[in-house]
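Residue-level structure breakdown
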Amino acid sequence: METKKKIIEVALEQFLVYGIRAVTMDEIARQVGMSKKTLYEEFSSKEDLVNASFEVALKEDECAFDKMMEQDEGVIDHLLRMTRYLRERFSSMNPLLMHEIQRFYPKCWKKLEEFKREHAWKGIVEVLEKGKQSGDFRSEINSEILAFIRLEHEVIRCHQ
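Our subject in this report is the structure included herewith. (Residues numbered from 1 in each chain as written. Predicted model: local features only at pLDDT ≥ 70, side-chain atom pairs only at ≥ 80, totals over all residues. Heavy atoms only, no water.)

**Details of the nonpolar core**
To be explicit about the condition: By convention a nonpolar core is built from buried Ala, Val, Leu, Ile, Met, Phe, Trp, Tyr and Cys residues, the set being connected through side-chain atoms within 4.5 Å. Residue exposure (1.4 Å probe, protein chains only): buried if accessible area is under 20% of the type maximum, exposed if over 50%, otherwise partly exposed. Each helix corresponds to a stretch of at least 4 residues labelled H or I by DSSP, and each strand to a stretch of at least 2 residues labelled E; elements are numbered beginning at the N terminus. We call two residues in contact whenever any of their non-hydrogen atoms come within 4.5 Å of each other.
Grouped together as the largest cluster of nonpolar side chains are 46 residues, with contacts concentrated most on Phe15, Ile28, Leu49 and Phe54. Among the elements of the structure, helix H1 (2-18), helix H2 (25-32), helix H4 (46-70), helix H5 (75-91), helix H6 (96-104), helix H7 (106-134) and helix H8 (143-157) are those that each provide at least two residues to this core. At nine residues, H4 tops the list of elements feeding residues into this core. Dropping the residues within four chain positions of it, Phe15 is found in contact with Ile20, Val23, Ile28, Lys46, Leu49, Val50, Ser53, Phe54 and Leu97.

Now the structure itself:
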């Protein structure tokens, strides 16, 4: 299991920096310090490795969002913390990465979209609703639309 974890760690780091298509299985095997044969014993294909790598990354993000939702802080600080987390996460990615995932790895894209909808978007909506109840935000704002705009703004901003 430790070998698989190390492969995923190295692969994810490489994918985030260089994009998926620019990174070869040979390079990953070399950086992990194993043969390509051993790599393929753990992951049957590059697609399998991509899916596993991003599943781990999304689980980390899910845990981070859950932890943020548990914190008892002001809604404005909470919203800023969530926005900062998203900005840091997306800004560390190669701009081509999202395009590659969408175009060549549909399972991975589906998981990413589910994460955005089920964790990021819902979390922002929840914070905005709390802010409306506490009087920190205007009651007439549409939390769902504002959350969508905020989330998409961070994604687009980081890939310009």
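**Points about a nonpolar patch on the surface**
Spelled out, the test is: Surface patches are drawn from residues lacking salt bridges whose relative accessible area is over 30%; two like charges belong together within 9 Å, two nonpolar side chains (Val, Leu, Ile, Met, Phe, Trp, Tyr) within 5 Å. In short, Shrake-Rupley with a 1.4 Å probe defines the accessible areas, and a residue's cover is counted only from the protein chains shown. Between Lys or Arg on one side and Asp or Glu on the other, a salt bridge is scored when a side-chain nitrogen of the former is within 4 Å of a carboxyl oxygen of the latter.
Residues Ile145, Phe148 and Ile149 make up a contiguous nonpolar surface patch of roughly 310 Å² in combined accessible area. Within the secondary structure layout, Ile145 lies in helix H8.

**Section: the side chain of Asn94**
Test applied: Whenever a nitrogen or oxygen atom comes within 3.5 Å of another N or O atom, the pair is scored as a polar contact, on the condition that within protein one atom can donate a hydrogen and the other can accept it, and that pairs from neighbouring residues in sequence are kept only if both atoms are in side chains.
Mapped onto the secondary structure, Asn94 falls in the loop between H5 and H6. With a relative accessible area of 15%, Asn94 lands in the buried category. Within the local environment of Asn94, its side chain forms a polar contact with the backbone oxygen of Val17, the two atoms lying 3.1 Å apart.

**Observations regarding the packing of aromatic side chains**
Applicable threshold: In this scheme Phe, Tyr and Trp rings, the latter by its six-membered ring, pair at centre separations within 6.5 Å, and the angle between planes marks the pair as stacked below 30 degrees, edge-to-face above 60, and tilted otherwise. Throughout this description, the term charge over a ring refers to an Arg CZ or Lys NZ atom that lies within 6 Å of the ring centre and within 35 degrees of the ring normal.
All chains considered together, the criterion is met by three aromatic pairs. Geometrically, the ring pair formed by Phe15 and Phe54 is stacked, given 6.4 Å between the ring centres and 10° between the ring planes. Taken as a pair, Phe15 in helix H1 and Phe54 in helix H4 lie far apart in primary sequence, 39 residues in all. By relative accessible area, which is 0% here, Phe15 ends up buried. The class for Phe54 is buried, based on a relative accessible area of 8%. Ring plane angle 85° and centroid distance 5.8 Å describe the contact between Phe65 and Tyr85, whose orientation is recorded as edge-to-face. Taken together, the positions of Phe65 in helix H4 and Tyr85 in helix H5 put the pair 20 residues apart, joining distant regions of the chain. Take Phe65: its relative accessible area is 1%, and that puts it in the buried class. Through successive ring pairs, a cluster of aromatic residues spans Phe65, Tyr85 and Phe115. In this arrangement the basic side chain of Lys4 is found over the ring face of Phe43, its NZ or CZ atom lying 5.3 Å from the centre. The aromatic ring of Phe104 is capped on one face by Arg21, whose charged end is 4.3 Å from the ring centroid.

**Some points on H1**
The periodicity of an α-helix, 3.6 residues per turn, causes residues three or four positions apart to be oriented the same way. As a reminder, the rule being used: The span expected for a helix works out to 1.5 Å for each residue beyond the first.
Here H1 spans 24 Å end to end across 17 residues, near enough to the 24 Å set by a 1.5 Å rise per residue. Listed as buried for H1 are Ile7, Ile8, Val10, Ala11, Leu12, Gln14, Phe15 and Leu16. Against the buried residues of H1 lie H2, helix H3 (36-42), H4 and H6. Phi turns positive one or two residues past the end of H1, at Gly19, with a value near 90°.

Note that every value here comes from positions in space, so none of it alone points to a role or purpose.
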